[in-house]
Amino acid sequence: MKRFLTSLLEAALRRAVQKGRLPEVELPQVVLDYPPEGRFGDYATNLAMVLAPRCGMSPREVASRVLEELEGSEVLSRVEVAGPGFINLFLKDEVWFEALRTACLQGEGYGRVDVGRGQRVLVEFVSANPTGPLHIGHGRIAALGDTLARLLERAGYRVEREYYINDVGTQMELLGRSVYARYCELSGLRVPFPEEGYRGDYIREIAEGILKEEGRRYLEVPEEEAVRRLAERAKEVILGWIRDDLERFRVSFDRWSSERSLYEAGEVQEVLEELRTKGLLYEREGALWFKSTLFGDEKDRVVVRASGATTYFASDIAYHRRKLQRGYDILIDLWGADHHGYVKRVEAAVEALGYGKERLKVILVQLVNLLRGGERVSMSTRAGEFATLKEVMDEVGVDACRYFFLLRRAESPLDFDLELAKRQGEENPVYYVQYVHARIASILRKAAERGVGVPPPEEVDLSPLELPEEREIAKQVGLFPEVVEGMALSLEPHHLPPYLHRLAGTFHSYYNKHRVLSEDRALTAARLLLVQGVKQVVRNALELLGTTAPEEM
RNA sequence: GCGCCCAUAGCUCAGUCCGGAUAGAGCGACGGACUACGAAUCCGUAGGUCAGAGGUUCGAAUCCUCUUGGGCGCGCCA
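Just so we're clear, the structure is a prediction, and the values are computed from it rather than from any experiment.

What counts, and at which threshold
Residues numbered from 1 in each chain as written. Chains lettered and ligands numbered in written order. Predicted model: local features only at pLDDT ≥ 70, side-chain atom pairs only at ≥ 80, totals over all residues. Heavy atoms only, no water. Buried < 20%, exposed > 50% of the residue type's maximum accessible area, 1.4 Å probe, protein only. Helix = DSSP H or I, 4+ residues; strand = E, 2+ residues; numbered from the N terminus. Pairing = 2+ DSSP bridges. Expected span 1.5 Å × (residues − 1). Contact = heavy atoms within 4.5 Å. Axes fitted to C-alpha atoms, helices over the stretch in contact; angles between N-to-C directions. Parallel < 35°, antiparallel > 145°, perpendicular 65-115°, else oblique. Left-handed = near helix turned anticlockwise from the far one by under 90°. Nonpolar A, V, L, I, M, F, W, Y, C, P; charged D, E, K, R; others polar. Near = heavy atom within 4 Å. Polar contact = N/O pair within 3.5 Å; in protein donor to acceptor, adjacent residues only side chain to side chain. Domains from an automatic or database assignment. Buried area = accessible area lost by both parts, 1.4 Å probe. Core = buried A, V, L, I, M, F, W, Y, C linked by side-chain atoms within 4.5 Å. 1 Å grid on protein atoms, 1.4 Å probe; cavity = no way out; pocket = protein on both sides within 12 Å on 5 of 7 lines; lining within 4 Å. Points joined across faces, edges and corners; volume = space filled by probe spheres on them.

Would you mind going over the pairing of strand β4 (residues 86-91) with me for this structure?
Each regular strand displays side chains that alternate between the two surfaces of the sheet. Burial runs high along β4: five of the six residues are buried. With three bridges joining them, strand β2 (residues 43-45) and β4 adopt antiparallel strand pairing. Within the sheet, the bridge partner assigned to Tyr-43 lies in β4 and is Leu-89. Summarising the sheet, strand β3 (residues 76-82) and β4 pair through six bridges and their orientation is antiparallel. By the bridge assignment for β4, Val-79 is matched with Leu-89. The antiparallel pairing of β3 with β4 creates a hairpin that spans three residues between the two strands, and Gly-83 there sits at a positive phi of about 55°.

If you want it as structure tokens, here you go:
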């Protein structure tokens, strides 16, 4: 609707200029806003105020000349000039009421838009090191990334989800050493625990498991080999946990991409060669540097250390090249916000490889402060006291958990207090929304019990709907597609909960005042279509959030 | 020291990209509503120098500058 009105206004502007009602000036981008109150209409634009100085006319004068060109529109019931020069647009009631019919007819497909036009997008997220279970911060990124992916799918993009596994280097070695140490301990040998090792109990669990299954064979091979093989075993175990947790969290990936495979396929060497050929590498103090400053980074970055070992950055360049070569139009990376210093160098790498910087969009997600009764819970994996995603799912449930994570925009830190989440229990916003769905399901059950048939949507006469609340509800339903579009374009899924909450609030209020099922058959039929439309939108929106829409609660 | 992000109601946050009308929610607080399709709901009340100062503008929470306070980054770590 917004899109339609925008083009309507653009056309009106052009006509006004053609007819000489407005001087030939550069026309501004038409931006439609949602005015703060109903009395200012369904949509409003300030374009007359933007245009006025260029035309040498007063804003109100410009506005009224544009309005002349809008007369007789099929969808508008009224247009007005208001305040300092706003143009307020009032839609005909039928336009919104018809959205209810559309929602019912399109069902699950309602809210599908096509801003993506089939572009291919890769969303890479979570990508936690396989050195320990997922914690709550990963959960936030998982919820955000998955909802973003669902959103983009609904907005007409071809989306794939990918998890990048950092399975080489220091972390892996440390993992192997930690498991080895516990393994030795369990076999009755005293060995020093590695300085920076992973101290969580899960390491002992893994060591126990291996001991049980394979006995003491790792004591009979050289330590270095044992460490290497134990790291590999531990990685598999931990990745299994990660997969399980994510599956339960309703997040699934199309591809798990391993860092090591980049080395094995020679892609790291290849990309270094490519950069060398382009003259973007140089040697200094024994190390090999990438000239990232040429592309806006603050300083050049090392890709091969003096020791001959490549850096994490080097494989990350190779990884991004691999992704780009697979032909995606857009790459989206979700990272923890502590990596923000890393953004510029990866953007630089993408550019250096000959791809536009706009192909890569990095979304930084602030970490979660986990609180328990107001007290901060430490989340260091090394120290071994972390709040795992699993624990949180057990405690507050997947629905509430996912909804909660989507409540704030990615860049703001999130305080997650478990005690609070439990205490809020029934007043949790997710239940408020789910309750709408359950309530409507209940009404429909009741209608069936009473033998009140629900006619096919295309046959229902909507004219009995005339209450302002009904118009408002229908409008909220009608806005869903453009809400989806807006979130997909801005990559900001956090607007969904407020939208849902508003729809739910409007509905609950209406429900308490008016009855759906009554003696008046025509009115009942119309209202049944109304609630079905609401139910469908709630369901579709909850689906985007990865939250269930229960028939009863 | 340099760079990035942030500061809006008692608390947690939208709104900032693209300046516009009386700055919005939730939670918490207080007072009401179930013999009605589900009270996990509803109705009402209270609550604001948009951190501070200056600037641009017809108009600033929004743009610019400075100050204060907080977070993060600045490795041949990942």
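For this particular structure, what's the right way to read helix α16 (residues 429-449)?
An α-helical turn contains 3.6 residues, so a residue and the one three or four places further along point in the same direction. With 21 residues, α16 extends 30 Å between its outermost C-alpha atoms, agreeing within 8% with the 30 Å of an ideal straight helix rising 1.5 Å per residue. Elements that come into contact with the buried residues of α16 comprise α14 (398-405), α18 (496-513) and α19 (521-545).

Would you explain the packing of helix α11 (residues 312-325) against helix α12 (residues 343-352) in this entry?
Helix packing geometry: the angle between the two helix axes and the distance between the axes. Axis separation between α11 and α12 bottoms out at 10 Å; the angle between their running directions is 50°. In terms of axis orientation, α11 runs oblique to α12. Between α11 and α12 lies a crossing of right-handed hand. Residue-level inspection shows Phe-313, Asp-316, Ile-317, His-320 and Leu-324 of α11 in contact with α12, the latter providing Arg-345, Val-346, Ala-349 and Val-350. Counted by class, the contact of α11 with α12 contains six nonpolar, one polar and two charged residues.

Looking at this structure, how should I read the sheet that holds β3?
Within a sheet, adjacent strands bond to each other through the backbone by hydrogen bonds, running parallel or antiparallel. The sheet built from four strands is open, its strands ordered β1-β2-β4-β3 with antiparallel pairing. In this open sheet, the two strands that pair with only one neighbour each are β1 (32-33) and β3. Seen against the sheet, helix α3 (residues 59-68) touches β3 and β4 and runs at an angle of roughly 165° to β3.

Sorry, what's going on with the protein's contact with RNA strand B here?
Neighbouring residues of RNA strand B: 56 residues in total, closest Arg-39, Phe-86, Arg-305, Arg-408 and His-514. Each atom of RNA strand B within 4 Å of the protein was classed as base or backbone; sugar and phosphate made up 62%. The side chain of Arg-409 places a nitrogen or oxygen atom 3.0 Å from a phosphate oxygen of RNA strand B. Between RNA strand B and Met-553, the relevant distance is 3.1 Å, taken from a base oxygen to a main-chain nitrogen or oxygen of the residue. Looking at the surface near RNA strand B, the elements with two or more residues in it are β4, α6 (170-186), α16 and α18. Sort the elements by how many residues they give to the surface near RNA strand B and α16 lands first, with eight residues. Considered class by class, the residues forming the surface near RNA strand B number 21 nonpolar, 19 polar and 16 charged.

Even after reading the chapter, I still don't get the sheet that holds strand β11 (residues 330-336), so can you show me in this structure?
Pairing within the open sheet is parallel, and its five strands lie in the order β7-β6-β5-β11-β12. What marks the edges here is a single partner per strand, and that holds for β7 (255-258) and β12 (360-365). This sheet shows a mean twist of 25° between the axes of neighbouring strands, independent of strand direction. By the bridge criterion, four bridges tie strand β5 (residues 120-124) to β11 in an arrangement that is parallel. Paired with Val-121 across the bridge in β11 is Ile-330. With respect to the sheet, helix α5 (residues 136-154) is in contact with β5, β6 (158-165), β11 and β12, its orientation differing from that of β11 by roughly 160°.

For this particular structure, what's the right way to read the domain arrangement of chain A?
Often, the extent of an interface is quoted as the loss of accessible area upon association of its parts. Along its sequence, chain A is carved into domain 1 (2-91), domain 2 (140-161 + 252-353), domain 3 (170-248), domain 4 (368-422) and domain 5 (428-545). Here the C-alpha centroids of domain 2 and domain 5 sit 44 Å apart. The interface of domain 2 with domain 5 comprises 10 residues on the first partner and 11 residues on the second. For the pairing of domain 2 and domain 5, the buried interface totals around 990 Å² over both sides, and the portion due to carbon and sulfur atoms is 74%. Of all residues in domain 2, the largest losses of buried area upon contact with domain 5 belong to Arg-150, Leu-151 and Arg-154, amounting jointly to 52% of the total for that side.

Help me understand the nonpolar core in this model?
Side chains that are nonpolar tend, in soluble globular proteins, to be buried together. Core analysis: the largest hydrophobic core is formed by 148 residues, its most contacted members being Leu-152, Phe-249, Ile-332, Leu-334, Phe-405 and Phe-416. Broken down by element, this core gets its largest block of residues, 13 residues, from α19. Excluding residues that lie within four positions of it along the chain, Ile-332 makes contacts with Val-121, Leu-122, Val-123, Glu-124, Leu-148, Leu-152, Lys-361, Ile-363 and Leu-491.

Is there a simple way to explain the side chain of His-514 in this structure?
Take His-514: it is sitting in the loop between α18 and α19. Among the polar contacts listed, one links the side chain of His-514 to the side chain of Glu-469, at a separation of 3.1 Å.

I keep staring at the layout of surface pockets and nothing clicks. Help me out?
Taking a probe equal in size to a water molecule and rolling it over the atoms shows the remaining empty space. Here the largest pocket is characterised by a volume of approximately 1300 Å³. Together, 43 residues line the largest pocket, and Asn-129, Asn-166, Gln-171, Tyr-312 and His-339 are the ones closest to its centre. Elements that contribute at least two residues to the lining of the largest pocket include exactly α5, α6, α9 (259-264), α11 and β11. A per-element tally of the lining of the largest pocket places α11 first, with five residues. Looking at the second largest pocket, its volume works out to about 1100 Å³. Along its surface, the second largest pocket is lined by 44 residues, and Lys-2, Tyr-34, Leu-479, Glu-482 and Val-483 are the ones closest to its centre. Within the residue set of the lining of the second largest pocket, elements represented by two or more residues are α1 (2-18), α4 (93-106), α17 (468-490) and α18. Per-domain counts for the lining of the second largest pocket show at least three residues from each of domain 1 (2-91) and domain 5 (428-545).

I would appreciate a short explanation of the environment of Tyr-435 in the present structure.
Inspection of the secondary structure puts Tyr-435 in helix α16. For Tyr-435, a relative accessible area of 40% corresponds to the partly exposed category. With 129 residues separating them along the chain, Tyr-435 and Ala-306 place their C-alpha atoms 62 Å apart. With sequence-adjacent residues up to four places away left out, Tyr-435 is seen in contact with His-508 and Met-553.

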